[in-house]
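Notes for the structure review
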Amino acid sequence: MLTILTQPSTLSAGRNHIPLRLQSDPSAGSYDEYYITITLRETPVAQTALQPIDVSTRFYPPPSGVLDLSLHRILEAYLGTARPNFTIPGVQTFATANRLVAKYAYELKDYGDGALLSTITGNTLYVANAGFGYQSQPDALDAWVIEGRFLTQQPRTKLVRPWQREYLTFIMLSTGVLHELVVETTDSAGTVSTTTTGFSVSSSQVYLPVAVAVGHDDLGLTPADDVVKYRVWFEVAGSRASEIMTYVIDPIWSDQDRYYIFQNSLGGYDTLRTTGDLKQQENVSRIDGQTWAAGSYDRSQGRWRSADVRSYESAEQGVGLQSNEAGQAWLRDLLRSPEVYRLGDHRPNLDGSGDLVPILVEPGSAQVFVDNEFLYGLSFRYRTAFENVGWA
């Protein structure tokens with residue numbers, strides 16, 4: 001009889017190893033051909049019916065009889081994001097219209113000389129489009145979510161400007177209960193006020209993700225509120241269901257503010273505010289060709305023409321002041337992000353406005369940490385993710 005030695009966690013990180021370890025039937029050696037098949041079915045977490053995944057399913061165990069599989073390469077292809085609607089500031093929910101979390105189930109069968117020996121049907125499990133750079137345990141993401149933590153590696157106390165766009169992604173564990181976003185503000189006189197934001201969502205499924213905008217302006221806070229600090233968290237039936245994220249309004253003015261929004265390694269979206277110098281380059285390519293000369297050719301006309309002229313921007317962005325070492329370490333997530341945007345053009349952005357410009361952070365090495373040095377030497381390079389076609 002086929003036996004499961006190790007199975008995936010209830011919630012797994014799809015970018016990390018998802019182990020499935022099997023022990024073949026003790027009598028496997030008595031068959032001329034013994035093999036194991038696996039059938040996977042999946043669907044976005046908010047949906048019900050699992051759909052089959054078309055994969056190669058036949059595996060032949062080694063002589064030891066122990067077969068080690070990893071499901072993440074198969075499941076990763078079916079995952080997506082919980083991308084906030086960046087163009088409409090305000091609290092937005094994306095609890096159901098995304099593939100940040102999918103649910104799946106597997107069915108195992110083993111055969112001896114073509115005859116079915118046994119069948120194992122696994123429970124419904126969950127996988128998220130997330131990963132840990134320093135993987136320790138396969139159940140790391142499950143533990144992270146059970147603790148009520150937001151899907152971000154950024155410091156839990158963060159300096160922000162009032163107009164800075166901020167987002168938090170949270171995976172709900174309770175089914176059929178109301179999750180309310182709570183905001184606690186502190187003004188310059190030290191007065192503390194706690195209110196619900198009017199945003200609430202009821203989870204129809206376990207492990208349902210929700211993404212919300214939690215910037216100062218997005219939460220409806222105004223200069224008249226005189227807020228110097230605010231904290232946000234989720235509550236269920238009056239009890240806190242998540243960790244607390246603290247935002248401190250930065251009173252230090254910078255005339256070099258720029259903002260970068262990126263998908264982090266846990267599947268959420270973070271905002272990096274930079275205050276360092278930016279060095280921009282324009283990179284141009286073209287095709288030059290020699291034209292035919294008429295009998296009345298004059299050298300002032302020229303014989304060479306340019307066609308298919310294209311250009312893209314590239315830049316080196318100095319990060320500037322980071323308040324602590326955790327802020328520096330968080331920059332690793334930016335460097336390995338598959339989805340990054342600059343807010344506005346290359347010029348300083350002093351009010352948080354502008355369109356999102358997709359960029360590609362250049363691969364390679366970058367300095368992200370220096371002992372006791374939070375101001376100098378930290379930078380990253382990028383290029384625009386499109387070309388401007390001048391003329392053809």
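The structure this text deals with has already been given above.
To start, this report covers the structure provided alongside it. (Residues numbered from 1 in each chain as written. Predicted model: local features only at pLDDT ≥ 70, side-chain atom pairs only at ≥ 80, totals over all residues. Heavy atoms only, no water.)

The secondary structure content of the protein amounts to three helices and 26 strands. Taking all 392 residues of the protein together, the buried fraction comes to 46%. If you take every contact in the protein between residues at least 6 apart in sequence, the share linking residues at least 24 apart comes to 67%. For the protein, the exposed area adds up to about 19000 Å²; of that, 49% sits on carbon and sulfur atoms. (Helix = DSSP H or I, 4+ residues; strand = E, 2+ residues; numbered from the N terminus. Buried < 20%, exposed > 50% of the residue type's maximum accessible area, 1.4 Å probe, protein only. Contact = heavy atoms within 4.5 Å. Areas by Shrake-Rupley, 256 points an atom, 1.4 Å probe, with all protein chains shown as cover.)

Moving on: the packing of aromatic side chains. In this structure the tally under the stated criterion is 13 aromatic pairs. When the ring of Tyr31 is compared with that of Tyr34, the centres are 6.5 Å apart and the planes differ by 25 degrees; the resulting orientation is stacked. A residue is classified by how much of its surface remains accessible, and Tyr31, at 25% relative accessible area, is partly exposed. With 6.1 Å between their ring centres and 35 degrees between their planes, Phe380 and Tyr382 make a pair best called tilted. Through successive ring pairs, a cluster of aromatic residues spans Tyr35, Tyr60 and Tyr111. Lying across the ring of Trp144, Arg149 places its NZ or CZ 3.7 Å from the centre. (Phe/Tyr/Trp six-rings, centres within 6.5 Å; stacked < 30°, edge-to-face > 60°. Lys NZ or Arg CZ within 6 Å of the ring centre and 35° of its normal.)

Further remarks concern the environment of Gly148. Along the chain, the position of Gly148 falls in the loop between α2 (140-146) and β11 (157-160). On the basis of relative accessible area, Gly148 is assigned to the buried category, the value being 3%. Each C-alpha atom of the pair Gly148 and Ile244 lies 9.3 Å from the other, and the pair is 96 residues apart in sequence.

Quick look at the pattern of salt bridges now. If you walk through the whole model with that rule in mind, you get 16 salt bridges. The salt bridge involving Arg310 is made with Glu387; its shortest N-O contact spans 3.4 Å. Of this pair, Arg310 sits in strand β22 (residues 304-318) while Glu387 sits in the loop between β25 (379-384) and β26 (388-391), and the two are 77 residues apart along the sequence. The class of Arg310 is partly exposed, set by a relative accessible area of 30%. Taking the relative accessible area as the measure of exposure, Glu387 reaches 37% and is therefore partly exposed. (Salt bridge = Lys/Arg side-chain N within 4 Å of Asp/Glu carboxyl O.)

Bringing the nonpolar core into the picture now. In this structure, Leu141, Tyr230 and Val232 are the most contacted members of the largest nonpolar core, which totals 39 residues. If you look at the next biggest cluster of nonpolar residues, it comprises 22 residues, including Leu67, Leu71, Leu79 and Ile120. (Core = buried A, V, L, I, M, F, W, Y, C linked by side-chain atoms within 4.5 Å.)

With respect to the secondary-structure elements, Gln317 resides in strand β22. By relative accessible area, which is 0% here, Gln317 ends up buried. Of the polar contacts made by the side chain of Gln317, one reaches the side chain of Thr274; its length is 3.4 Å. Apart from the residues within four sequence positions on either side, Gln317 is in contact with Arg258, Tyr260, Thr274, Gly276, Asp277, Leu278, Leu378, Ser379, Phe380 and Tyr382. (Polar contact = N/O pair within 3.5 Å; in protein donor to acceptor, adjacent residues only side chain to side chain.)

In this structure, Asp226 takes a positive phi of about 55 degrees despite not being glycine. Its location among the elements puts Asp226 in the loop between β15 (208-213) and β16 (227-236).

Here the focus is the pairing of strand β3 (residues 19-23). In this sheet, β3 lies alongside strand β1 (residues 3-6) in antiparallel orientation, the contact comprising three bridges. Its bridge partner being in β3, Ile4 is matched across the sheet by Leu22. Where β3 meets strand β7 (residues 66-70), five bridges bridge the pair, whose relative direction is antiparallel. Bridged to Leu20 within β7 is Leu69. (Pairing = 2+ DSSP bridges.)

One open sheet accounts for three strands, arranged β1-β3-β7; its pairing is antiparallel. Two strands bound the open sheet, and with one partner strand each, they are β1 and β7. Between one strand axis and the next, the sheet turns through 30 degrees on average, direction left out of account. (Axes fitted to C-alpha atoms, helices over the stretch in contact; angles between N-to-C directions.)

So, about the side chain of Glu42. With respect to the helices and strands, the residue Glu42 is situated in strand β4 (residues 34-44). Taking the relative accessible area as the measure of exposure, Glu42 reaches 6% and is therefore buried. Setting aside residues no more than four positions away along its own chain, Glu42 makes contact with Leu50, Gln51, Ile53, Tyr78, Arg99, Ala102, Lys103 and Tyr104.

Here we take up the environment of Leu117. Relative to the assigned elements, Leu117 resides in strand β9 (residues 115-121). By relative accessible area, Leu117 is classed as partly exposed at 30%. Along the backbone, Leu117 and Asp25 are 92 residues apart, and their C-alpha atoms lie at a distance of 8.6 Å.

Time to look at the pairing of β15. Burial runs high along β15: six of the six residues are buried. Because side chains alternate across β15, one face comprises the buried residues Leu208, Val210 and Val212, and the other comprises Pro209, Ala211 and Ala213, equally buried. As judged from the six bridges shared by strand β12 (residues 167-172) and β15, these two strands associate in the antiparallel manner. Opposite Phe170, over in β15, you have Val210 as the bridge partner.

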